[in-house]
Amino acid sequence: MNSKHEGQTTLLIVDDNPTNIKVLFEFLRKVGFRVLVAKDGGDALNKLQSAVPDLILLDVMMPGIDGFETCRQIKANPNHRDLPIIFMTALADTDNKVKGLSLGALDYITKPFQQEEVLARINLQLKLRSLTRELADKNQQLAELNSQLEQKVKERTSQLEKAQSQLILSEKMSSLGQLVAGIAHEINNPVSFIGGNLSHAQDYARDLIHLLELYGKYYPEPEPEILEEIEAVDLEYLVKDFTKLLDSMKEGTKRLADISGSMRTFSRSDTRTRVAFNLHDGIDSTLMILKHRLKGNDDRPPIEIVKKYGKLPEIECYPGQLNQVFMNLLSNAIDAVEEKNVGRSFDDISADPNCITIETEYFPESRQVAIRIRDNGIGMTPDIQNQIFDYLYTTKAVGKGTGLGLAIVRQIVEDQHGGTIALASQPGRGTEFNVTLPAQLST
Ligand SMILES: Nc1ncnc2c1ncn2[C@@H]1O[C@H](COP(=O)(O)OP(=O)(O)OP(=O)(O)O)[C@@H](O)[C@H]1O
Ligand SMILES: [Mg+2]
């Protein structure tokens, strides 16, 4: 309830002595206060339930609940804790004053009253109370400002972190892209040169062999030295093998050309233009770049790659960015199977081989493609699953993981392509990431 009565300050006098009440009441009314009266402690506590004054003048010695107890009970109510209370007492002894003050009273006035003193003490307390309120208001405002400021700083910091980590990753990717493009270019020249010359070499070999056959036909009985040499070099085998050898060299250069082609596909990291892109080319070229990590070694057999490619249309996208997505999901899958290998022998692993399955599918009704990348690696607890898309969240050793991969993946899939990414994972069993992309970007 409001303590003000048309802007008037309200005082509550609690006293069992009618004469005291009368004297105070008249005096205080005269100087402009609105005055309420209670005739004992119980009455005062009752009155407080319906009207809260700005200050209480409380007699100490009262029948029933005395002043100290009344004070204690008023202060026990959180709504009235800050109500200024001035004790009125005839007792001048220090013990009682200390007791009252320790209960939360602010001041004492001693009977018989000196009117000026009463007024001065009341005004002092009221002034103190209004200053305290102002201070609390200011503090409150300050705290609000402070928390707004903290919020702003937090937002800015996280924006900054986000921008910084994006920069790091796009830097990382673009320097990887440049490196790969550079190597592809370097490989390409000698490869096409070898490939071109090999065709000539095959023609020359065919001609030379034909020439030898002609010699054999018209000179069936050559000199003994020639016969000896024919036997020494095992001419028949040499002719057969030379042709095969040239064929396999040709196959080899074709493979090299494929590799450098994939490398160029992969390094199409020009992220600004959207073009029609065959996602399978993107996945295959990424697998090619990761080949060295898939190969078998002394500790484990090769990681199996199972491709279940559906029939996909070319999709409109930023190819460099999507290659980045495949790169991150596939390297995470490799990390996950490698981590599961820890502590297992070659034979253990062969019995339950590392495997990554890549599945693609087109949904013509929704014009969406799905790419699912599944591994049988260590998997994740629900707690980890909740955090993997956070910037800088990693469970990997310092220097091994930066915790940016999936944050960037999510951004590329959702923000840049309007797609979705979801996952299912079981600790110790494996993980599947499911990416869907619209076949056509919305503008
Ligand atoms: N296929 C997966 N299997 C199990 N855990 C995974 C898999 N993919 C991601 N995680 C978990 O998610 C975390 C975050 O992955 P994210 O790719 O964002 O960062 P990172 O791989 O640790 O570091 P980097 O920035 O080098 O990619 C990983 O540290 C790992 O704990
Ligand atoms: Mg990663």
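A brief structural summary. (Residues numbered from 1 in each chain as written. Chains lettered and ligands numbered in written order. Predicted model: local features only at pLDDT ≥ 70, side-chain atom pairs only at ≥ 80, totals over all residues. Heavy atoms only, no water.)

### Looking at the overall build of the protein
Along the backbone of the protein there are 13 helices and 12 strands. The C-alpha atoms of the protein give a radius of gyration of 45 Å, which is well past the 22 Å a tight globule of 443 residues would have. For the protein, the C-alpha atoms occupy an extent of roughly 160 × 50 × 40 Å along the three principal directions. Put simply, the protein has 443 residues, and 36% of those count as buried. At a minimum sequence separation of 6, the contacts of the protein that also span at least 24 residues come to 68%. Of the roughly 26300 Å² of accessible surface on the protein, a fraction of 54% belongs to carbon and sulfur atoms. (Helix = DSSP H or I, 4+ residues; strand = E, 2+ residues; numbered from the N terminus. Rg over C-alpha atoms; globule rule 2.2 N^0.38 Å. Buried < 20%, exposed > 50% of the residue type's maximum accessible area, 1.4 Å probe, protein only. Contact = heavy atoms within 4.5 Å. Areas by Shrake-Rupley, 256 points an atom, 1.4 Å probe, with all protein chains shown as cover.)

### As for the sheet that holds strand β4 (residues 85-89)
The 5 strands are arranged β2-β1-β3-β4-β5 in an open sheet whose pairing can be described as parallel. Only two strands of the sheet have a single partner each, and these edge strands are β2 (34-38) and β5 (107-110). Strand-to-strand twist in this sheet, taken as the mean axis angle between neighbours without regard to direction, amounts to 20 degrees. The pairing of β4 with β5 spans 4 bridges and is classified as parallel. In the sheet register, methionine 88 faces β5, and the bridge partner there is isoleucine 109. Docked against the sheet, helix α1 (residues 18-30) engages β1 (10-14), β2, β3 (55-59) and β4, running at close to 165 degrees with respect to β2. Helix α4 (residues 94-102) rests against β4 and β5 of the sheet, and its axis sits at about 140 degrees to β5. (Pairing = 2+ DSSP bridges. Axes fitted to C-alpha atoms, helices over the stretch in contact; angles between N-to-C directions.)

### Digging into the pattern of salt bridges
Applying the stated rule across the entire model yields 22 salt bridges. Its salt-bridge partner being lysine 111, residue aspartate 59 comes within 2.9 Å of it at the nearest N-O pair. Pair noted here: aspartate 59 is in strand β3 and lysine 111 is in the loop between β5 and α5 (115-218), with a separation of 52 residues, a long-range link. A relative accessible area of 2% places aspartate 59 in the buried class. Residue aspartate 352 is joined to lysine 340 by a salt bridge in which the shortest nitrogen-to-oxygen separation is 3.9 Å. Of this pair, aspartate 352 sits in the loop between α11 (346-351) and β9 (355-363) while lysine 340 sits in helix α10 (residues 319-341), and the two are 12 residues apart along the sequence. Because the salt bridges share partners, they merge into one network encompassing Glu359, Glu361, Arg372, Arg374 and Glu432. (Salt bridge = Lys/Arg side-chain N within 4 Å of Asp/Glu carboxyl O.)

### Some remarks on the packing of helix α8 (residues 279-289) against α10
Where α8 meets α10, the closest approach of the two axes is 9 Å, and the angle between their N-to-C directions is 50 degrees. By the angle between their axes, α8 is oblique relative to α10. For the crossing formed where α8 meets α10, the hand is right-handed. Contacts from Leu279, Gly282, Ile283, Thr286, Leu287 and Ile289 in α8 reach Leu322, Asn323, Phe326, Met327 and Leu330 in α10. Taken together, the residues of the contact of α8 with α10 break down into 8 nonpolar, 3 polar and no charged. (Parallel < 35°, antiparallel > 145°, perpendicular 65-115°, else oblique. Left-handed = near helix turned anticlockwise from the far one by under 90°. Nonpolar A, V, L, I, M, F, W, Y, C, P; charged D, E, K, R; others polar.)

### So, the sheet that holds strand β7 (residues 304-308)
The mixed open sheet is built from 5 strands, whose spatial order is β7-β9-β10-β12-β11. The sheet is open, and its two edges are formed by β7 and β11 (420-426), each paired on a single side. In this sheet, adjacent strand axes meet at a mean angle of 15 degrees when their direction is disregarded. Bridge count for β9 against strand β10 (residues 368-375) is 8 bridges, and the pairing is antiparallel. Pairing of threonine 357 across the sheet is with arginine 374, part of β10. Across the face of the sheet, α8 comes into contact with β7, β9, β10 and β12 (430-438) while running at roughly 170 degrees to β9. Contacts from helix α13 (residues 405-416) reach β11 and β12, with the element oriented near 140 degrees to β11.

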